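Breakdown of the fold
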Amino acid sequence: MSKLNRKQTITYDKKYNQHPWLKGNTEPIPIEKAEGIFFYDFNGKKYYDMSSQLSCVNIGYGNEDVIQAINDQVKTLPYIASAYASAPRSELAKMLVELAPDNIAKVFFTCGGSDANEAAINMARTYTGRSKIFSRYRSYHGSTLGSGNLSGDPRRFALEHPAATGFVKFQDPYVYRSDIPFKNDQEASAYYINKIKEQIAYEGAVNIAAIFVESITFAKGVTSGYVQLGGIMISKEIAKFYEDKVFQYGLTYSGHSLACAAGVACVNYYKKAGLLENTQKVGKVLGELLEEIKQKHKCVGDVRYIGLFAAVEFVKDKETKEPLVPYADQSGTMGKIIGLLKERGFATFGRENNINIAPPLIITEEQLREAMKIFDEVLDIVDETYL
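Residues numbered from 1 in each chain as written. Predicted model: local features only at pLDDT ≥ 70, side-chain atom pairs only at ≥ 80, totals over all residues. Heavy atoms only, no water.

**Observations concerning the overall build of the protein chain**
Within the protein chain, the regular secondary structure consists of 13 helices and 14 strands. On C-alpha atoms alone, the protein chain measures out to a radius of gyration of 22 Å, which is about the 21 Å that the 2.2 N^0.38 rule sets for 387 residues. Projected onto its principal axes, the C-alpha positions of the protein chain cover 65 × 55 × 45 Å. Looking at the protein chain as a whole, 45% of its 387 residues are labelled buried. Relative to all contacts within the protein chain whose residues are 6 or more apart in sequence, the contacts with residues 24 or more apart total 69%. (Helix = DSSP H or I, 4+ residues; strand = E, 2+ residues; numbered from the N terminus. Rg over C-alpha atoms; globule rule 2.2 N^0.38 Å. Buried < 20%, exposed > 50% of the residue type's maximum accessible area, 1.4 Å probe, protein only. Contact = heavy atoms within 4.5 Å.)

Below, the structure written as structure tokens:
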């Protein structure tokens, strides 16, 4: 454990660290410790972690089951190369396949989501013998060469390179902003499925290796961020293809012993603590609170949620649905709103004119209501200041 104080942490960070997605002269808040759904800065200020950091700390901080599993594993076998079999890697792979849909046979472990998507691109192109990869415009898949070009949001602009070929973007459902007055989600789904079928025909189905869509992903929750781990779930058909062929992709830390031990403990804790049930129960409350916020605040155009995973979309005008900030905006308006939330102890992040709300799945109804009260109060300021 580092013994740096607040001043040293800030000084060394600013001098020696390059943070992703931030300017070099940015001064991040120095964080000292965390527990449960909260983290604390060096001044003792408490923050509700309302995004589970980068939507990953599902079990919250200080989970003794996962901490003990990591401690036990580091004493026994802290690392072994991916060419060997190890108990934690084998056990976690079995657990994940058994939790997956019936068509899944194997797991390939990576260090996180970006390299998982690189592996999936490699596997899809090798298996099909095709080159084109479809992905959504409103998506983020990573920041390596392949995953960055797979991504659809503005962060891909800095990563686009002539060497990354074959990446094709498609428009996915965005019912709130559609010009078509869909009666329901089923009608919208049918429309957009027909549109992508049309685009597949134009691009040539025989040229397309894969279609990527974002879900609530593997890498974010498998260890809850305690040790970095990601991976891809491999179908029975593709697993059979590779039985007598070499998978030409590898990572030094693929299926790292400590990460897999943490993963086993984490997956077991989801069941032990009934986190699926808690997510459904408290998520229902979150949905109700968000609908109330949508009705109350002029700045809120739409709210979208599933369980404890939500987004709030900000607008200048509810009738016209004009976004509070334009696409790829650099004005800093959304950053200022997120700053207002952080000042009051509500920590989260957002993209474009949306703010994410995705607290740890251990959050109680009382904690959620306390945090959302802060959110509500800040939106009062947004209504008065930015509209």
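Next, the rest of the story.
**Digging into the sheet that holds strand S7 (residues 208–211)**
With respect to topology, 3 strands assemble into an open sheet ordered S6-S5-S7, the strand pairing being parallel. On the outer flanks of this sheet lie strand S6 (167–170) and S7, each paired with one strand and no other. On average, adjacent strands in this sheet sit at an angle of 25° to one another, irrespective of strand direction. Pairing geometry for strand S5 (residues 132–136) and S7, over 3 bridges, is parallel. Paired with Ile133 across the bridge in S7 is Ala210. Packed onto the sheet, helix H5 (residues 113–128) meets S5, S6 and S7 and runs at close to 140° relative to S7. (Pairing = 2+ DSSP bridges. Axes fitted to C-alpha atoms, helices over the stretch in contact; angles between N-to-C directions.)

**Some words on the packing of helix H3 (residues 64–76) against helix H10 (residues 257–272)**
At a minimum axis distance of 8 Å, the contact between H3 and H10 shows a crossing angle of 150°. Between H3 and H10, the angle is such that the two are roughly antiparallel. The handedness of the crossing between H3 and H10 is right-handed. On the side of H3, the interface is formed by Asp65, Val66, Ala69, Ile70, Gln73 and Val74, while H10 contributes Ser257, Leu258, Ala261, Ala262, Ala265, Cys266, Tyr269 and Lys272. Taken together, the residues of the contact of H3 with H10 sort by class into 10 nonpolar, 2 polar and 2 charged. (Parallel < 35°, antiparallel > 145°, perpendicular 65-115°, else oblique. Left-handed = near helix turned anticlockwise from the far one by under 90°. Nonpolar A, V, L, I, M, F, W, Y, C, P; charged D, E, K, R; others polar.)

**A short note on the pairing of strand S1 (residues 31–35)**
Pairing of S1 with strand S2 (residues 38–41), which is carried by 4 bridges, proceeds in the antiparallel orientation. Bridge pairing in S2 links Ile31 to Asp41. Counted along the chain from S1 to the antiparallel partner S2, the turn is 2 residues long, and its residue Gly36 has a positive phi close to 65°.

**Here we look at unusual backbone geometry**
Its identity is not glycine, yet Ser52 carries a phi of approximately 50°, on the positive side. As for its position among the elements, Ser52 is in helix H2 (residues 52–55). The residue Ser224 is not glycine, and still its phi comes out positive at about 55°. Relative to the assigned elements, Ser224 resides in the loop between helix H8 (218–221) and strand S8 (230–235).

**Considerations on the packing of helix H4 (residues 87–99) against H10**
Each pair of packed helices can be described by the angle between their axes along with the distance between the axes. Axis separation between H4 and H10 bottoms out at 8 Å; the angle between their running directions is 40°. One element, H4, and the other, H10, form an angle in the oblique class. Note that H4 runs across H10; the crossing there is left-handed. Seen from H4, the contacting residues are Pro88, Arg89, Glu91, Leu92, Met95, Leu96 and Leu99; seen from H10, they are Ser257, Cys260, Ala261, Gly263, Val264, Val267, Asn268 and Lys271. A per-class count over the contact of H4 with H10 returns 9 nonpolar, 3 polar and 3 charged.

**Describing the sheet that holds S2**
Spatially, S1-S2-S3-S12 is the arrangement adopted by the 4 strands of the open sheet, whose pairing is mixed. Edge positions in the sheet fall to S1 and strand S12 (346–347), since each has one partner strand and no second.

**Let's talk about helix H11 (residues 275–296)**
With 22 residues, H11 extends 30 Å between its outermost C-alpha atoms, agreeing within 8% with the 32 Å of an ideal straight helix rising 1.5 Å per residue. When H11 is considered as a whole, its buried residues turn out to be Leu275, Asn278, Thr279, Val282, Gly283, Val285, Leu286, Gly287, Leu289, Leu290 and Ile293. Buried-residue contacts for H11 involve H10, strand S9 (300–306), strand S10 (309–317), strand S14 (354–357) and helix H13 (365–385). (Expected span 1.5 Å × (residues − 1).)

**What to know about the nonpolar core**
Of all hydrophobic cores here, the largest spans 60 residues; its most connected members are Phe314, Ile357, Met372 and Phe375. No other element matches H10, which puts 9 residues into this core. Membership of the second largest hydrophobic core comes to 20 residues, among which are Ala116, Ala124, Ile232 and Ile238. (Core = buried A, V, L, I, M, F, W, Y, C linked by side-chain atoms within 4.5 Å.)

Keep in mind these numbers describe shape, not what the thing actually does.
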